[in-house]
Amino acid sequence: MDGGGVEASTTAAWMERHRQMYERATRHPFTVSIRDGTIDLSAFKRWLSQDYLFVREFVAFVASVLLKCCKQKDNLDMEIILGGIASLSDELSWFKNEAVKWDIDLASVPPLKSNLEYHRFLGSFTEPEISYAVAVTTFWIIETVYQDSFGFCIEEGNKTPPELRGTCQRWGSAEFKQYCQSLQRIADRSLANAPADAVKSAEEAFVRVLELEIGFWEMSASQS
Ligand SMILES: Cc1ncc(CN)c(N)n1
């Protein structure tokens, strides 16, 4: 522990402190409608096309997290973050295959407003002033919102349509959950060694991600 006065699981404490917003991001009517089988397939297709564009920006974001990691004295987390980048390569191929299945021409999809807002947020992490602790915590919560949202769609009692199970499995699998838990441990360790102002910035980024994720689901559901 450093000057930040941070305990072992800062991230868990934030999930509790911002529970309402966390629930709004991870139990949004859009993903709940996947789980209960009432999803509007045109909204699903909108989400798929927009998320492909998001992931392309996300690659650059994760690369900026990796760069900050490599500049740490002990870059213990490098392999996990590098593994994350490698799996984003598979993810982009997965989106392209899904687009063919759903008859979507990805090349003609313009990013919608909430997506562009998220791109701007991700782009700000290339600034060298943003610390590794803030960046890796942001990375963790972005992945966790998807893990929790899609994990719920394949939990017991779901009525998720069979053609959407692959999507839910991609982020809802036990393997992806373990990866998110590794990121959470990294975030907590970094926060425990970070100064108080960085811890404060990381919490602000955590809340901002929840807002942006809610906006992304809303955009997918209604094209706003
Ligand atoms: C909007 C959003 N948030 C998170 C993820 C998970 N990488 C994603 N694919 N898209």
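Residues numbered from 1 in each chain as written. Predicted model: local features only at pLDDT ≥ 70, side-chain atom pairs only at ≥ 80, totals over all residues. Heavy atoms only, no water.

As annotated in an unreviewed UniProt entry, the protein carries the name aminopyrimidine aminohydrolase and comes from Urochloa decumbens. Under the UniProt heading Catalytic activity (unreviewed entry), the note attached to the protein is "4-amino-5-aminomethyl-2-methylpyrimidine + H2O = 4-amino-5-hydroxymethyl-2-methylpyrimidine + NH4(+)". The record in UniProt for the protein states the following under Sequence similarities (unreviewed entry): "Belongs to the thiaminase-2 family." (UniProt positions renumbered as here; feature names shortened; annotations may be inferred.)

As a further point, take empty space enclosed by the protein. Going through the model one piece at a time under the given rule, you end up with one cavity of 30 Å³ or more. Along its surface, the largest cavity is lined by 13 residues, and Asp51, Phe54, Ile142, Glu143 and Tyr146 are the ones closest to its centre. The leading source of residues in the lining of the largest cavity is helix H4 (residues 41–70), at four residues. Tallied by class, the residues present in the lining of the largest cavity amount to nine nonpolar, no polar and four charged. (1 Å grid on protein atoms, 1.4 Å probe; cavity = no way out; pocket = protein on both sides within 12 Å on 5 of 7 lines; lining within 4 Å. Points joined across faces, edges and corners; volume = space filled by probe spheres on them. Helix = DSSP H or I, 4+ residues; strand = E, 2+ residues; numbered from the N terminus. Nonpolar A, V, L, I, M, F, W, Y, C, P; charged D, E, K, R; others polar.)

So, on to the confidence of the model for the protein. Residues of the protein with pLDDT of at least 70 account for 96%, and the chain-wide mean is 95. Across residues 1–6 the pLDDT falls below 50, and counting only partners more than four positions away or on other chains, this stretch makes 14 contacts in the model. Across the interface, the model reports ipTM at 0.99; the global pTM reads 0.95. (pLDDT = per-residue confidence, 0-100. Contact = heavy atoms within 4.5 Å.)

What follows is about the packing of H4 against helix H7 (residues 132–153). Between two packed helices, both the angle of their axes relative to each other and the distance between the axes serve to describe the pair. At a minimum axis distance of 10 Å, the contact between H4 and H7 shows a crossing angle of 150 degrees. Taken together, the axis directions place H4 and H7 in an arrangement best described as roughly antiparallel. Classified by chirality, the crossing of H7 by H4 is left-handed. Here Trp47, Asp51, Phe54, Phe58, Phe61, Val62, Val65, Lys68 and Cys69 of H4 lie close against H7, whose contacting residues are Tyr132, Ala135, Val136, Thr138, Phe139, Ile142, Glu143, Tyr146 and Phe150. Tallied by class, the residues present in the contact of H4 with H7 amount to 14 nonpolar, one polar and three charged. (Axes fitted to C-alpha atoms, helices over the stretch in contact; angles between N-to-C directions. Parallel < 35°, antiparallel > 145°, perpendicular 65-115°, else oblique. Left-handed = near helix turned anticlockwise from the far one by under 90°.)

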